[in-house]
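The chain contents come next:
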Amino acid sequence: MSSPFQRHLAVAGVPTACSDEPNGLTYRQAREMLRQHDIHGPQCRQWLAAAAYLSAGLDDE
């Protein structure tokens, strides 16, 4: 049985483990991170950081 919190394919040098908190996200990285971790929801640091980044409107693109 696999855990829902696992490592995913790397997103342009961003950590991929659900327990790792990413820093220095871009809009595209955050969107991809949400896509990869969408089944985990707010228990996943990757999903939470990407959702916070996108909801704060911090994108420069």
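Here, every reference points to the structure presented above.
Scope of this entry: the structure provided in the associated data block. (Residues numbered from 1 in each chain as written. Predicted model: local features only at pLDDT ≥ 70, side-chain atom pairs only at ≥ 80, totals over all residues. Heavy atoms only, no water.)

### Here we look at the pattern of salt bridges
Right, on to step 1. In total, this model carries two salt bridges according to the counting rule given.
Right, on to step 2. A salt bridge links Arg45 to Glu21; its shortest N-O distance comes to 2.9 Å. Taken together, the positions of Arg45 in helix α2 (residues 45–56) and Glu21 in the segment before α1 (27–37) put the pair 24 residues apart, joining distant regions of the chain.
Right, on to step 3. Of the residues examined, Arg45 reaches a relative accessible area of 44% and is grouped as partly exposed.
Right, on to step 4. Residue class for Glu21 comes out partly exposed when judged on its relative accessible area of 48%.
Right, on to step 5. Linking Glu32 and Arg35 is a salt bridge whose minimum nitrogen-to-oxygen distance equals 2.4 Å. Note that Glu32 and Arg35 are positioned in helix α1 at a spacing of three residues, about one turn of the helix.
Right, on to step 6. A relative accessible area of 52% places Arg35 in the exposed class. (Salt bridge = Lys/Arg side-chain N within 4 Å of Asp/Glu carboxyl O. Helix = DSSP H or I, 4+ residues; strand = E, 2+ residues; numbered from the N terminus. Buried < 20%, exposed > 50% of the residue type's maximum accessible area, 1.4 Å probe, protein only.)

### So, the environment of Leu25
Right, on to step 1. Take Leu25: it is sitting in the segment before α1.
Right, on to step 2. In the structure, Leu25 is positioned 28 residues away from Tyr53 in sequence and 7.6 Å away in space, judged by C-alpha atoms.

### Focus on the nonpolar core
Right, on to step 1. By size, the foremost hydrophobic cluster in this structure holds six residues: Leu25, Ala30, Met33, Leu34, Ala50 and Tyr53.
Right, on to step 2. Within the residue set of this core, elements represented by two or more residues are α1 and α2.
Right, on to step 3. With three residues, the top contributor of residues to this core is α1.
Right, on to step 4. Not counting the four nearest positions on each side in its chain, Ala30 is found in contact with Leu25, Ala50, Tyr53 and Leu54. (Core = buried A, V, L, I, M, F, W, Y, C linked by side-chain atoms within 4.5 Å. Contact = heavy atoms within 4.5 Å.)

### Concerning α1
Right, on to step 1. Every buried residue of α1 is accounted for by Gln29, Ala30, Met33, Leu34, Gln36 and His37. The arc that holds every buried residue of α1, seen down its axis, measures 165 degrees, which confines them to one face. Those residues of α1 that are exposed and aimed more than 90 degrees away from the buried face are Arg28 and Arg35.
Right, on to step 2. Close packing links the buried residues of α1 with α2. (Arc of directions from axis to C-beta.)

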